[in-house]
Amino acid sequence: MDGMLSQEEINALLAGMDTSGDSDTEASAGQARVIPNPDEELNDAEKDAVGEISNISMGTAATTLFSLVNQKVSITTPVVTYATWDDLIKNYDRPCVFIQIYYKEGLDGNNILVLKESDVKIITDLMMGGDGTNTSGELSELHLSAISEAMNQMMGSAATSISSMLEKKVDISPPSAELVDLQDVINGSDVAEFLKGKFVKVSFRMEIGNLINSELMQLYSFDFARDLYRKFIKYTNVDEEEAESINNQQNAPQQTAQADAAGQQAGMQQMMGMPQMMGMPGMMGMPQMGMPGMMPQQEVNIAPAQFQPFMMAGSPLLQTEHIDLLLDVPLEVTVELGRTSKSIKEILDFAPGTIIELSRLAGEPIDVLVNGKYVARGEVVVIEEAFGIRVTEIIKDK
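Definitions and limits used
Residues numbered from 1 in each chain as written. Predicted model: local features only at pLDDT ≥ 70, side-chain atom pairs only at ≥ 80, totals over all residues. Heavy atoms only, no water. Salt bridge = Lys/Arg side-chain N within 4 Å of Asp/Glu carboxyl O. Helix = DSSP H or I, 4+ residues; strand = E, 2+ residues; numbered from the N terminus. Axes fitted to C-alpha atoms, helices over the stretch in contact; angles between N-to-C directions. Parallel < 35°, antiparallel > 145°, perpendicular 65-115°, else oblique. Contact = heavy atoms within 4.5 Å. Nonpolar A, V, L, I, M, F, W, Y, C, P; charged D, E, K, R; others polar. Phe/Tyr/Trp six-rings, centres within 6.5 Å; stacked < 30°, edge-to-face > 60°. Buried < 20%, exposed > 50% of the residue type's maximum accessible area, 1.4 Å probe, protein only. Lys NZ or Arg CZ within 6 Å of the ring centre and 35° of its normal. Pairing = 2+ DSSP bridges. Expected span 1.5 Å × (residues − 1). Core = buried A, V, L, I, M, F, W, Y, C linked by side-chain atoms within 4.5 Å. Polar contact = N/O pair within 3.5 Å; in protein donor to acceptor, adjacent residues only side chain to side chain.

K.L.:
Got a minute to help me understand the pattern of salt bridges in this structure?
P.N.:
Once their charged atoms are close, side chains differing in charge can pair, the charge on each being opposite to the other. Scanning the entire structure with this criterion turns up 11 salt bridges. The partner of Lys231 in a salt bridge is Asp227, and the shortest N-O contact between them spans 2.7 Å. With a gap of four residues between them, Lys231 and Asp227 both fall in helix 6 (residues 222-271), about one helical turn apart. The residue Arg360 makes a salt bridge to Asp367 at a minimum N-O spacing of 3.1 Å.

Take a look at the structure:
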């Protein structure tokens, strides 16, 4: 050998070096392998903690949503994975609704709920008292305002559950909803900064009656997910210590009672001239047997079972404890003077001055509709230079 490297050996050495200087690499069999960035992955414990917290919070949120839509709501166990913006474009319907959830106390950061546009229309129609089928037309500010109020109540109850679990107050700011076309260039969209890279995706299967069966997503940054884990593991450590202390306290009386019972049994055996070892035969050649009649009976406290009374049955929509959250939602009020049917020929004959006779007699009350739903009757009045209506009757269960 002349001590010089061949061209093949030089190429092999160069292939194992980091020529860019921007990423960490390690050489293996003459090829460069990029080491994954540890900040873009969660370990198993962190993923389990995020999944557990999401499961508890969305379980509470499902109960709250039921009270708003009066339909059975089921949200399945979450699945924690990673995703990028390109993954959302490939695998999710578009456009969709992004709901920003900001934590103002207890947790530092934010997460995003992603709902399908059709699901938002169904939920808001149910909230307005419809049957969930009035989903035609484009998504309006009315839909976004209503779904923001619904998410405010849902995630507010979820924050309360997290507060109980972490033993500290957790509170959110009012959520904001936005219709997002996933095909838009993300750098030009007003979305969270963490969505421009790799992020944590928590997926649920959400079912609402027979109307919705689709995917609901929560998107977290890695920093926010790790913050959840740190607070969760702190809580679980305290909980394990308390559980061990309680377990010791419960076992102490039981061990004392067993020792007392053993002492009483030994004393009875000595008084009757029997061996203290229950397995030994007696002096009269008796076979090995226990003496159940000689064992002390342990006192047992017996009490009848007590159950809490059931809550009064009723429609959750009739309860008013959450109505304040919907007071700012705008509704369309329509006053219907009357109706009639005309053929196309008759309509084509319309001209200025044509009189159209309505199917309502003069003096009869007129109908009042809210978002197309018949709610009241009234009479026409004049307020200065404008028409108005004085409500004379409220229609219930119509």
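K.L.:
Looking at this structure, I do not really get the packing of helix 2 (residues 44-69) against helix 4 (residues 117-127). What am I missing?
P.N.:
Here helix 2 crosses helix 4 at 55 degrees, and the two axes come no closer than 7 Å. Taken together, helix 2 and helix 4 sit at an angle that is classed as oblique. From helix 2, Leu65, Leu68 and Val69 reach across to helix 4, where they touch Ile123, Leu126 and Met127. Among the residues forming the contact of helix 2 with helix 4, the class breakdown is six nonpolar, no polar and no charged.

K.L.:
Teacher, can you tell me more about the packing of aromatic side chains here?
P.N.:
Geometrically, a pair of aromatic rings is defined through the distance of the ring centres and the angle of the planes. As enumerated under the stated definition, the model contains five aromatic pairs in all. Note on Tyr220 and Phe224: the rings are 5.3 Å apart at their centroids and 50 degrees apart in plane angle, and the pair reads as tilted. This pair shows no difference in class: Tyr220 is buried, exactly as Phe224 is. An aromatic cluster of three or more residues is present, and its members are Tyr103, Tyr220 and Phe224. Here the guanidinium or amino end of Lys47 rests over the ring plane of Tyr82, the centre of that ring lying 5.5 Å away. Over the face of the ring belonging to Tyr92 we find Lys116, whose NZ or CZ atom lies 6.0 Å from the ring centre.

K.L.:
How should the pairing of strand 14 (residues 386-394) be read in this particular structure?
P.N.:
For a regular strand, the rule is simple: side chains alternate between the two faces of the sheet. Strand direction decides the pairing type here: strand 13 (residues 373-383) and strand 14, joined by eight bridges, are antiparallel. Considered in strand 14, the bridge of Ala376 is made with Ile394. In this antiparallel pair of consecutive strands, strand 13 and strand 14, the connection spans two residues, and Glu384 shows a positive phi of 55 degrees.

K.L.:
Please clarify how helix 2 should be interpreted in this entry.
P.N.:
For helix 2, which comprises 26 residues, the first-to-last C-alpha distance of 36 Å matches the rise-based estimate of 38 Å (1.5 Å per residue) to within 8%. One or two positions beyond helix 2, positive phi appears at Asn70, with a value near 55 degrees.

K.L.:
Can you help me understand the nonpolar core in this one?
P.N.:
Where a protein is soluble and globular, its nonpolar side chains tend to be buried together. Judged by nonpolar contacts, the single largest core of 56 residues is most densely connected at Val69, Ile99, Ile147 and Ile208. In terms of residues, this core owes the most to one element, helix 5 (residues 141-166), which gives 12 residues. Other than its neighbours up to four places away in sequence, Ile208 contacts Leu65, Val69, Gln71, Lys72, Val73, Ile123 and Leu126. Listed in part, the 17 residues of the second largest apolar core include Ala83, Trp85, Leu182 and Met217.

K.L.:
For this particular structure, what's the right way to read the environment of Glu117?
P.N.:
Note on placement: Glu117 falls in helix 4. Apart from residues no more than four positions distant in its own chain, Glu117 is found in contact with Pro95, Cys96, Leu139 and Leu179.

K.L.:
Please explain the packing of helix 4 against helix 5 as it appears in this structure.
P.N.:
Angle between the axes and distance between the axes are the two parameters that describe a pair of packed helices. For the pair helix 4 and helix 5, interaxial distance at closest approach is 9 Å and the crossing angle is 80 degrees. The angle between the axes of helix 4 and helix 5 places the two elements in the roughly perpendicular class. Across from Val120, Lys121, Ile123, Thr124 and Met127 in helix 4, the residues of helix 5 making contact are His143, Ala146, Ile147 and Ala150. A breakdown of the residues in the contact of helix 4 with helix 5 according to their chemical character gives six nonpolar, two polar and one charged.

K.L.:
So what exactly am I meant to see when it comes to the side chain of Asp119 here?
P.N.:
Tracing the backbone through its elements, the reader meets Asp119 in helix 4. At 2.4 Å, the side chain of Asp119 forms a polar contact with the side chain of Ser214. Those residues in contact with Asp119, other than ones at most four positions away along the chain, are Ile212 and Ser214.

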